[in-house]
Amino acid sequence: MGINELNDWKQIQNGWNNVDLANELLDLFDSSKIDLYGRDLENMDFLLPYKEKFDQIKILDLAGNNLKEIPSWISEFINLETLNLEWNMIRTLPVEIVNLKNLKTLKLAGNLVWVLPDEIWELNLDKLVVDELKPENENLRSKIPIIEEVMVDDCSPDNYESWDFDDDDELA
């Protein structure tokens, strides 16, 4: 990334709580994990300049933000294994999410998602975390090995860091 692009990036992120976010994000794209927990994000468009590196990412943590929707281009994270979208304001998931063929863990607790896309069973998930599995999605129980239904009253986003995750959970 050239210096002009980096300056543009810093201007785009002017309102964020971390003035060094541009440098931090550049470092994150040099690894296989992007952790953007609790950044007050309202959308994911700031990731688009890094589109050519999406295939390197295996873990994407966008929990604890203000996301209302997930863009259809989420499917371009072709090697994504864990997607944490907990504690946002998401109402629906794009049907394109089923193109994440390597996705094993999808975390949605603390959102406004009432019904999952019918095609979500095509993902071959090992773990799905939701507030409650709605009757419309009961058929997923036989298709996903672990479905965790989180009691929202017990799990406020303020306590997110202290949640007791499994030892093998990479977002712990």
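Residues numbered from 1 in each chain as written. Predicted model: local features only at pLDDT ≥ 70, side-chain atom pairs only at ≥ 80, totals over all residues. Heavy atoms only, no water.

Participant: Just to check I follow, could you spell out the pattern of salt bridges for this structure?
Facilitator: A side chain with one charge may pair with a side chain of the opposite charge, provided their charged atoms come close. A full pass over the atoms with the stated rule returns one salt bridge. The partner of E76 in a salt bridge is K51, with the nearest N and O atoms 3.4 Å apart. Of this pair, E76 sits in the loop between strand 2 (59-61) and strand 3 (82-84) while K51 is found in the loop between strand 1 (33-35) and strand 2, placing the two residues 25 residues apart along the sequence. A relative accessible area of 41% means that K51 is categorised as partly exposed. (Salt bridge = Lys/Arg side-chain N within 4 Å of Asp/Glu carboxyl O. Helix = DSSP H or I, 4+ residues; strand = E, 2+ residues; numbered from the N terminus. Buried < 20%, exposed > 50% of the residue type's maximum accessible area, 1.4 Å probe, protein only.)

Participant: Explanation requested: unusual backbone geometry in the structure shown.
Facilitator: One can expect most non-glycine residues to show negative phi and most peptide bonds to be in trans. Despite not being glycine, W87 has its phi angle at roughly 60 degrees, a positive value. As for its placement among the helices and strands, W87 is situated in the loop between strand 3 and strand 4 (105-107). Even without glycine at this site, N124 takes up a positive phi of about 60 degrees. Tracing the backbone through its elements, the reader meets N124 in the loop between strand 4 and strand 5 (127-130).

Participant: Is there a simple way to think about the environment of E76 in this case?
Facilitator: According to the relative accessible area criterion, E76 is partly exposed, its value standing at 31%. Put simply, E76 and L100 are 24 residues apart on the chain and 7.8 Å apart in space, counted from C-alpha to C-alpha. Setting aside residues up to four positions removed in sequence, E76 forms contacts with K51, F54 and D55. (Contact = heavy atoms within 4.5 Å.)

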